[in-house]
There are 2 protein chains.
Amino acid sequence: MAIQKPSLPKGTRDFGPLQMARRNYIFDIIKDTFKLFGFQQLETPAMENLSTLTGKYGDEGDQLLFKILNSGDYLKDVTSKDLEAGSVATLSKVSEKGLRYDLTVPFARYVVMNRNEVTYPFKRFQIQPVWRADRPQRGRYREFYQCDADVVGTDSLICELEILLMIKRVFSKLGLRDYSIKLNNRKVLAGLAEVIGVPGKESELCVAIDKLDKIGWVKVQEELLGRGFENEAIEKLGPIIDLKGNNKEKLNFLKVFLSSSEIGVKGIEELQSVFDLLASYGSDETYVDFDVVLARGLSYYTGAIFEVKVNNVTIGSVSGGGRYDNLTGVFGLDGVSGVGFSFGVDRIYDVLEELDLFPKDQLVGTKVLVTYFDEEGVSYGLKTLAALREAGVESELFPDLAKIKKQFTYADKKQIPFVIVLGSEEIKNDLVSLKNLKTGEQSSLTVKEAIELVKL
Amino acid sequence: MAIQKPSLPKGTRDFGPLQMARRNYIFDIIKDTFKLFGFQQLETPAMENLSTLTGKYGDEGDQLLFKILNSGDYLKDVTSKDLEAGSVATLSKVSEKGLRYDLTVPFARYVVMNRNEVTYPFKRFQIQPVWRADRPQRGRYREFYQCDADVVGTDSLICELEILLMIKRVFSKLGLRDYSIKLNNRKVLAGLAEVIGVPGKESELCVAIDKLDKIGWVKVQEELLGRGFENEAIEKLGPIIDLKGNNKEKLNFLKVFLSSSEIGVKGIEELQSVFDLLASYGSDETYVDFDVVLARGLSYYTGAIFEVKVNNVTIGSVSGGGRYDNLTGVFGLDGVSGVGFSFGVDRIYDVLEELDLFPKDQLVGTKVLVTYFDEEGVSYGLKTLAALREAGVESELFPDLAKIKKQFTYADKKQIPFVIVLGSEEIKNDLVSLKNLKTGEQSSLTVKEAIELVKL
């Protein structure tokens, strides 16, 4: 067989030891937080039936699904006519499974299939990779992890509170200080559409004003005109676009501005309740920012809308979510409402790297490398190793009889902070020589003393 | 859109909260052990180029690979002629990626692509799902996790020692007592082939005697005859098949039996060294069983061969591995030898379930549910919740104002061990009523006292 130079499929990545240590640092903080708040873990298979996946993400989404070729003679039902009919029309003959595109549709499928076993309100979290046949570019991969938490089976705004609290806890633990959780409510957007005279048109309104940050008010106005909005309606939006102040001031303004819209008033009341719950919990509003133009362009939100932005970094938006009315309707089970959000781990990783916020000792896997000079050292070293591990100290013995310099280089490359050197003197006196590679300090100790020292 | 009844692709599974808690229990013990021994984590993408995967697992393996349909117009290069040529011949036109089939080939690819960055000896572990288009049956799935640990870049038998120690630690932590780690060496099998007069035929010999457990010696003899072995050679195997005794006795017998075979003697020496290292470490031979007919049918092992069997359960073999000479040769990098093994998590799960060895409180995610009767209770409950979580106690507030019975049912279903009840008396006196759902005990306490009690 010809020798090949192996490569990775484009848009995919390996995660080596350093990246894994850092990723696990993020995952662990998120998982601990989800558990502290009573969420339970779910995992679903990478493959789903195409009937489960298609039609859920729009035409574009369907195209971005990775499809699995049927096993065996996958061409057996394909005819020359099919070749003319084309790839889309013939798909069902060659593929019946695809890779999951997000964690929401598999979650909905799970709830429907296990509707009688699930305990409601069902607080589930799920941390798994998803796959999209997107054009790869900086920060966009074909395989990436999603970290979702959702509560289904309740309309309680306490769930919205919990989401705010979990985001705050995760960011606090990660050492991120300069960010804001933007919060809005779909009902407020519906109310806006009503009071500017375009009731029911909040979807179009959302799509346009969602771009406010990127393209500015002038261009948004042009887009709204292009979408058939009247100048009169657009002008009425002015005060909203210019809205300044703290959450209370903005809520007070909107109370008046939306007073003629029943749904708008309801949206403001919901937002007010969330802020009240936050106060009851004893958590202040720091980091939480009512943003009346936040829309996230996602048409299935029916209540709260969240988005977390980190300030002063290249990629800002690292988390988002919202409330939905009907998670499982598409699978024939109505009435399952809920609220959820997702942490973008790849983006959080990039942000922590950009801000140099990863702990410096994060990589430390092995704490002690046991080194030696001869066969006698191996045998004594193995006993030392046994004692270290018995005490829970991550430790290794260099496996080959090698020059001490080579053994130290290994410790250095693996960022192992302590090295035990076993010379004949140490062995004779039943001691070990422990060297701290950061400080250079070295001392002869009993194994027990050495363990105490490295565990400090 | 027509309502669909969703289903799972055959051979795949969801893991709900109970299963996830139990799986994580196993994963955590394995991960902790790998880290304690200085192994570092690697993750590779689910998708690999087909050029990386094909030709590595034999013809059968190639057929069992899940292939990904090319994105976009996947039929564009397929002609009527291709339809006649068939599925196998046309594969390269419709698919260039597949799902990983194991963790070894991706590991080899990683080492080759990162040969200059890797620190040797490279001790890596990898815990990820793999996919095989096998016919699903009891205990065999199309998606399942592998837990691999390998050391590459050294021939030191200390690595074999480490594998034995890691297996012993994992099984001890899991509470498994009745198992044996079967240990053999490919060189011993090569020696056997030499001394019975069929040098170089150890592969065929292995395939046949690998079945000894399943089909018995008589059938194995028939198979050997069928494979062209002479009666004389087969008869010489007799003493080996009947071999009894402890490790030392078996090694002593083989030293003599294989004395005319250089490679056989080398194999026995290696095994002897591993037992000596085990003694130096201070770990006895309990659970380690030299099994001269262990072959695992895998032709790429060149030294040690491991297999772990749990006794008195339906599915016995839960872990296996061995030493190999040339991990990365197929990708053009020679000389990377190593030794590795794999825990079968799905099988360990089944074994623990069969033996009822999962900890009884494993599922406990949430420790305290805060319940209440009215709006006043919500506000007081939120403060209580904040205090519990600040102290690291996993806790929830029932999100809806519901009958207390409903709230208790929720606690019961989620196996939450403590419930805090907030009546008007408690609220007035700044106390909480804490109920232990197992013992039925209930007492009025300050939040601080309650926290201390549930943290016991």
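Residues numbered from 1 in each chain as written. Chains lettered and ligands numbered in written order. Predicted model: local features only at pLDDT ≥ 70, side-chain atom pairs only at ≥ 80, totals over all residues. Heavy atoms only, no water.

The name an unreviewed UniProt entry gives chain A is Histidine--tRNA ligase, with Belliella kenyensis as the organism. Quoted verbatim from the Sequence similarities (unreviewed entry) field of the UniProt record, the comment on chain A reads "Belongs to the class-II aminoacyl-tRNA synthetase family." (UniProt positions renumbered as here; feature names shortened; annotations may be inferred.)

A. Fine view of the interface of chain B and chain A. If you look at the interface, chain B gives 106 residues, while chain A gives 107 residues. Here chain B packs against chain A, burying approximately 8800 Å² in sum over the two surfaces, 61% of which is carbon and sulfur. Among the salt bridges present, the one from E396(A) reaches K123(B), with a minimum N-O distance of 3.1 Å. At the junction of chain B and chain A, the tally comes to 38 residue pairs in polar contact (both at pLDDT 80 or more). The class makeup of the residues in the side of chain B that touches chain A is 52 nonpolar, 31 polar and 23 charged. (Contact = heavy atoms within 4.5 Å. Buried area = accessible area lost by both parts, 1.4 Å probe. Salt bridge = Lys/Arg side-chain N within 4 Å of Asp/Glu carboxyl O. Polar contact = N/O pair within 3.5 Å; in protein donor to acceptor, adjacent residues only side chain to side chain. Nonpolar A, V, L, I, M, F, W, Y, C, P; charged D, E, K, R; others polar.)

B. Summary view of the pattern of salt bridges. Residues and elements named next belong to chain B. If you walk through the whole model with that rule in mind, you get 51 salt bridges over all chains. Where D82 meets K93, a salt bridge forms, and the shortest distance between an N and an O atom there is 2.9 Å. Taken together, the residues span a long stretch of sequence, with D82 in helix α4 (residues 80–85) and K93 in helix α5 (residues 87–94) at a distance of eleven residues. By relative accessible area, which is 11% here, D82 ends up buried. Between D356 and K360 there is a salt bridge whose closest N-O contact spans 3.3 Å. (Helix = DSSP H or I, 4+ residues; strand = E, 2+ residues; numbered from the N terminus. Buried < 20%, exposed > 50% of the residue type's maximum accessible area, 1.4 Å probe, protein only.)

C. Focus on the domain arrangement of chain A. Split into domains, chain A comes out as domain 1 (13–65 + 101–168 + 313–348), domain 2 (179–311) and domain 3 (368–455). The straight-line distance from the C-alpha centre of domain 2 of chain A to that of domain 3 of chain A is 62 Å. (Domains from an automatic or database assignment.)

D. Broad picture of helix α1 (residues 17–36) of chain B. Taking 1.5 Å of rise per residue, the 20 residues of α1(B) would be expected to cover 28 Å, and the 28 Å separating its terminal C-alpha atoms lies within 8% of that figure. Count one or two residues on from α1(B) and you reach G38(B), which has phi positive near 85°. (Expected span 1.5 Å × (residues − 1).)

E. Inspection of the pairing of strand β10 (residues 317–324) of chain B at higher detail. All names here are of chain B. The element β10 is extensively covered by neighbouring structure, given that seven of its eight residues are classed as buried. Two strands pair when backbone bridges link them, and strand β9 (residues 301–310) and β10 are joined in this way by six bridges, in the antiparallel orientation. When the sheet's bridge partners are listed, F306 is paired in β10 with G321. (Pairing = 2+ DSSP bridges.)

F. Representation of the side chain of D291(B) in the model. Residue and element names in this part refer to chain B. Summarising the element assignment, D291 is placed in the loop between β8 (288–290) and β9. It turns out D291 is buried and unbridged, and the closest side chain with the opposite charge, K182, is 4.0 Å from it. Setting aside residues no more than four positions away along its own chain, D291 makes contact with K182, L183 and N184. (Lys, Arg positive; Asp, Glu negative; His and termini not counted.)

G. The arrangement of the packing of aromatic side chains in detail. Residues and elements named next belong to chain A. Enumeration according to the criterion identifies 32 aromatic pairs over all chains in this entry. Ring geometry for F27 against Y145: centres 5.3 Å apart, planes inclined by 55°, an arrangement best described as tilted. Taken together, the positions of F27 in helix α1 (residues 17–36) and Y145 in strand β6 (residues 143–152) put the pair 118 residues apart, joining distant regions of the chain. Of the two residues examined, F27 and Y145, each falls in the buried class. With centroids separated by 4.6 Å and ring planes inclined at 40°, the aromatic side chains of F171 and Y179 adopt a geometry described as tilted. (Phe/Tyr/Trp six-rings, centres within 6.5 Å; stacked < 30°, edge-to-face > 60°.)

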